[in-house]
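# Summary of the model geometry
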Amino acid sequence: CASSLLAALPGDAYPNVERIGAVRCPIYIVHGVDDFITPVWHAHELAASCRAESAYPPLLVEDAGHHDVEVVAGPIFVDGFLKFLGWLDARPAAVLGTEEVEERKH
């Protein structure tokens, strides 16, 4: 895929697609579909590269660019964030990585 190639080119200042698979904390990607600074394909690549247990479904906001996602999305942005928080609250502690914290205490 051409987008994967572009995301991993040498010298990429933000090789997030390459790194996100190692992230163990919960991830919620919010991205503007009309973002011309960081194209929406990058959000798709990030979401596809996340660990399944860490990824919450992304919010892709129609008609939003790079700096106006929350304004364009309005209540959808807030609702999405609240649903993400509810998803976090329902997650087992082990999925959130707290088992490592508990192991270090003993």
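As the structure is a computational prediction, the values presented were derived from the model and not from experiment. (Residues numbered from 1 in each chain as written. Predicted model: local features only at pLDDT ≥ 70, side-chain atom pairs only at ≥ 80, totals over all residues. Heavy atoms only, no water.)

We now examine the environment of Ser54. Looking at the secondary structure, you find Ser54 in the loop between helix H3 (40–49) and strand E2 (55–61). Between the C-alpha atom of Ser54 and that of Ile20, which follows or precedes it by 34 residues, the distance is 10.0 Å. When residues no more than four places from it in sequence are discounted, the contact partners of Ser54 are Val23, Arg24, Cys25, Pro26, Ile27 and Trp87. (Helix = DSSP H or I, 4+ residues; strand = E, 2+ residues; numbered from the N terminus. Contact = heavy atoms within 4.5 Å.)

Given a rise of 1.5 Å per residue, 16 residues ought to cover 22 Å, and the 22 Å separating the end C-alpha atoms of helix H5 (residues 75–90) matches this to within 8%. Buried residues of H5: Gly80, Phe84 and Trp87, and no others. Take H5 and look down its axis: the buried residues cluster within an arc of 60°, on one side only. Opposite the packed face of H5, turned more than 90 degrees from it, sit the exposed residues Pro75, Leu82 and Asp89. (Expected span 1.5 Å × (residues − 1). Buried < 20%, exposed > 50% of the residue type's maximum accessible area, 1.4 Å probe, protein only. Arc of directions from axis to C-beta.)

In this section: the pairing of strand E1 (residues 27–32). The buried fraction of E1 is high, at 5 of 6 residues. In the sheet, E1 pairs with E2 via 5 bridges, with the strands oriented parallel. Counted as the bridge partner of His31 is Leu60 from E2. Once the chain exits E1 it traverses H3 before rejoining the sheet at E2, and the crossover so formed is right-handed. (Pairing = 2+ DSSP bridges. Right-handed = clockwise from strand over helix to strand, strands pointing away.)

For the rest of this paragraph, the subject is the pattern of salt bridges. Taken as a whole and judged by the stated rule, the model has 2 salt bridges. Among the salt bridges present, the one from Arg51 reaches Glu53, with a minimum N-O distance of 3.3 Å. Residues Lys83 and Asp79 are paired through a salt bridge, measuring 3.1 Å at the closest nitrogen-oxygen approach. Here Lys83 pairs with Asp79, and both are found in helix H5, just 4 residues apart, close to one helical turn. Residue classification places Lys83 among the partly exposed residues on the basis of a relative accessible area of 48%. (Salt bridge = Lys/Arg side-chain N within 4 Å of Asp/Glu carboxyl O.)

Moving on to unusual backbone geometry. At Asp63, a residue that is not glycine, the phi angle is positive and equals roughly 65°. In this structure, Asp63 sits in the loop between E2 and helix H4 (69–73). Judged by relative accessible area, which is 60%, Asp63 ranks as exposed.

On to the side chain of His42, then. Relative to the elements of secondary structure, His42 occurs in helix H3. For His42, a relative accessible area of 12% translates into the label buried.

Geometry only, nothing functional implied.
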